[in-house]
Amino acid sequence: MLRLVSLKLGRLYRYVKLAVLGSLAAALVLNTHSLLASLQRNELAERRFLQLNKCPACWGTSWCRKFLNGQLRLESWGRLRLFDFFNVKNVYFARYGEPREGSRRVVLKRLGSAQELADIDAKICRRATGRGRCDLLQALHATEFASLNGDVRLLTPDAVEGWSDLVHCPSQRLLDRLVRRYAETKDSGSFLLRNLKDSERMQLLITLAFNPEPLVLQSFPSDEGWPFAKYLGACGRMVAVNYVGEELWSYFNAPWEKRVDLAWQLMEIAEQLTNNDFEFALYLLDVSFDNFAVGPRDGKVIIVDAENVLVADKRLIRQNKPENWDVWYESKFDDCDKEACLSFSKEILCARVTVDHNYYAVCQNLLSRHATWRGTSGGLLHDPPADIAKDGRLEALLDECANPKKRYGRFQAAKELREYLAQLSNNVR
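Residues numbered from 1 in each chain as written. Predicted model: local features only at pLDDT ≥ 70, side-chain atom pairs only at ≥ 80, totals over all residues. Heavy atoms only, no water.

**Student:** Which residues make up the overall build of the protein, and what values go with them?
**Tutor:** Of the regular secondary structure elements, the protein holds 18 helices and 12 strands. For the protein, the residues scored as buried account for 49% of the 429 residues in total. A separation threshold of at least 6 residues defines the contact pool for the protein, and within that pool the share at least 24 residues apart is 68%. Taken as a whole, the protein presents about 21,600 Å² of accessible surface, with 51% of it coming from carbon and sulfur. (Helix = DSSP H or I, 4+ residues; strand = E, 2+ residues; numbered from the N terminus. Buried < 20%, exposed > 50% of the residue type's maximum accessible area, 1.4 Å probe, protein only. Contact = heavy atoms within 4.5 Å. Areas by Shrake-Rupley, 256 points an atom, 1.4 Å probe, with all protein chains shown as cover.)

**Student:** An account of the environment of Arg 127 is needed here, citing residue identities and associated values.
**Tutor:** Residue position: Arg 127 is located in helix α5 (residues 114–129). C-alpha separation for the pair Arg 127 and Thr 143, spaced 16 residues apart in sequence, amounts to 6.2 Å. Not counting residues up to four positions away in its chain, the partners in contact with Arg 127 are Ala 142, Thr 143, Glu 144 and Phe 145. Among the polar contacts made by the side chain of Arg 127, one reaches the side chain of Glu 144 at a distance of 2.7 Å. (Polar contact = N/O pair within 3.5 Å; in protein donor to acceptor, adjacent residues only side chain to side chain.)

**Student:** Quick rundown of the state of the cysteines? Include the residues and the values.
**Tutor:** Considering all chains together, one arrives at five disulfides under this definition. Linked covalently through their sulfurs, Cys 125 and Cys 134 form a disulfide whose S-S length is 2.0 Å. Between Cys 125 and Cys 134, the S-S torsion sits near -85°, and that sign places the bridge as left-handed. (Disulfide = S-S within 2.5 Å.)

**Student:** Describe helix α10 (residues 198–210), and please don't skip the residues or the numbers.
**Tutor:** Relative to the 18 Å expected for 13 residues at 1.5 Å per residue, α10 spans 18 Å between its end C-alpha atoms, a close match to the ideal helical length. For α10, the tally of buried residues reaches 11 of 13 residues, placing the bulk of the element in the interior. Buried residues of α10: Glu 200, Arg 201, Met 202, Gln 203, Leu 204, Leu 205, Ile 206, Thr 207, Leu 208, Ala 209 and Phe 210, and no others. (Expected span 1.5 Å × (residues − 1).)

**Student:** Would you mind going over the sheet that holds strand β4 (residues 231–235) in detail, with residue names and values included?
**Tutor:** Ordered in space as β1-β2-β3-β5-β4, the five strands form an open sheet in which the pairing is antiparallel. Pairing within the sheet leaves two strands with one partner each, and these edge strands are β1 (72–74) and β4. Within this sheet the neighbouring strands show an average axis-to-axis angle of 35°, counted without direction. (Pairing = 2+ DSSP bridges. Axes fitted to C-alpha atoms, helices over the stretch in contact; angles between N-to-C directions.)

**Student:** Provide a residue-level description of unusual backbone geometry, including the pertinent values.
**Tutor:** In the segment running from Cys 55 into Pro 56, the intervening peptide bond is cis, with an omega of 10°. Backbone geometry at Lys 321 places phi at a positive 50°, although glycine is not the residue there. Here Lys 321 shows up in the loop between α13 (314–320) and α14 (346–349). Within the chain, Asp 383 stands out as a residue other than glycine whose phi angle is a positive 50°.

**Student:** Please provide a residue-by-residue account of the environment of Thr 376, values included.
**Tutor:** Among the secondary structure elements, Thr 376 is positioned in strand β12 (residues 376–377). If near-sequence neighbours (up to four positions away) are discounted, Thr 376 is found in contact with Trp 249, Phe 252 and Ala 371.

**Student:** Explain the nonpolar core to me, and be specific about the residues and the numbers.
**Tutor:** Ranked by internal contacts, the top residues of the largest apolar core, which has 92 residues, are Ile 124, Leu 155, Phe 228 and Leu 367. With 10 residues, the single largest contributor to this core is helix α12 (residues 256–274). When residues no more than four places from it in sequence are discounted, the contact partners of Ile 124 are Ala 57, Leu 136, Ala 139, Leu 140, Thr 143, Phe 145, Ile 206 and Phe 210. Counting residues in each nonpolar core, the second largest holds 20 residues, with Leu 50, Cys 58, Tyr 96 and Cys 235 among its members. (Core = buried A, V, L, I, M, F, W, Y, C linked by side-chain atoms within 4.5 Å.)

**Student:** Lay out the packing of aromatic side chains with the relevant residues and their values.
**Tutor:** The final tally for this structure, using the stated rule, is 16 aromatic pairs. Judged by centre distance (4.7 Å) and plane angle (35°), the ring pair of Trp 63 and Tyr 96 falls under tilted. Residue Trp 63 is found in the loop between α3 (47–50) and α4 (64–68), and its partner Tyr 96 is found in strand β2 (residues 91–98); the two are separated by 33 residues along the sequence. Of the residues examined, Trp 63 reaches a relative accessible area of 7% and is grouped as buried. A residue is classified by how much of its surface remains accessible, and Tyr 96, at 3% relative accessible area, is buried. Both rings, one in Trp 328 and one in Phe 411, keep their centres 4.8 Å apart while their planes meet at 55°; by these two values the pair is tilted. With Trp 328 in the loop between α13 and α14 and Phe 411 in helix α18 (residues 409–424), this pair connects stretches of sequence that are 83 residues apart. Here Phe 411 falls in the buried class, since its relative accessible area comes to 14%. An aromatic cluster is built from Phe 220, Trp 226, Phe 278 and Phe 280, whose rings are joined through pairwise contacts. A cation over a ring is seen here: Arg 105 above Phe 93, with NZ or CZ 4.5 Å from the ring centre. (Phe/Tyr/Trp six-rings, centres within 6.5 Å; stacked < 30°, edge-to-face > 60°. Lys NZ or Arg CZ within 6 Å of the ring centre and 35° of its normal.)

**Student:** If you had to explain the sheet that holds strand β9 (residues 301–303) to someone new, which residues and values would you point to?
**Tutor:** A sheet is described by the order of its strands in space; here three strands give the open sequence β6-β8-β9, paired in antiparallel fashion. Every interior strand has two partners, whereas the edge strands, β6 (246–247) and β9, have only one. With three bridges joining them, strand β8 (residues 292–294) and β9 adopt antiparallel strand pairing. Directly across from Phe 292, in β9, lies its bridge partner Ile 303. With respect to the sheet, α12 is in contact with β8 and β9, its orientation differing from that of β9 by roughly 45°.

Dropping the structure here:
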């Protein structure tokens, strides 16, 4: 009986698959003329496609001249709007050309799905008028985004706390850094909010509230050694970042030596974001194989999705001394049946100096046997060579890092794991 049901479901799946493919083929045939036209037209030079009309309820305008001058063009199938149905995240690959530098690949992001972007408009309208639809540009002037314009000197924690993960528990030092490094203004370098134009302040605040990823990339830039993709600029609701390489997922079955090196880099990233000279702890709240990419030439692992990053100021925690601020915090193992599960308390991340969250996130969701992704399991370090499997040290360290059995076991296991992976990959520092 079960076999009969299985066979029927298999046939149904094949029929549905053929029907979808047939529909796509029919659409291609019926829309050949419009498809050819879309291949020839450069939509990245069109204000409507960029949603430039939404500004200042947008991400910025620093790259508008490059977009509108035709220096960016979508790659191949990205020009066909027919495939937008599959591009839920609104991420595009494009070529960017400079006369003296030639052409290079970049990644364009709308920073949300079509529905999420529509929700932004609706939220702005509701805040201003109580209705879901309105004149967006007029409504902006009746929101808290406009109230911070004018003569407001500084962006303060009281004004933006809780707007997004980035500012779940902001310090003045963090906010000064965000304003000073804001790349969507010609006069960057000042931490004074009033030095920005009204439109620039509005863009910064809306980005901070709805998707702070560009601000993370700007405030903790790759040029200074932070493990994030390089921010390039924005036009309307389209942001451009440097293309890094293939997602970490594509290395799941790479040779063992390569996977060991990638695992070591991931643990180094966890350490850097947790403990650094700036005393900002950057906690990754969303850790999965598609949030990281690997450079094809240097093999360097880079974070390519930084929307869900919580920043805690360790200096402020030491200064304010909240309850149990100096007690080491151990994240609880989350044995769920879904992909990329993490268990954490934002309030505790904001109130402790010593936290193992990043080690836990990398070990559980990427490296250990508990990691699952797209129907596979075993993590990036699956199927080690026989001698390493027989030794058992790697498995023991991964298990303790993901699901510690001893008090503060994850802290020690993470340290030893970094050292052990360095030895295995000949990256001893």
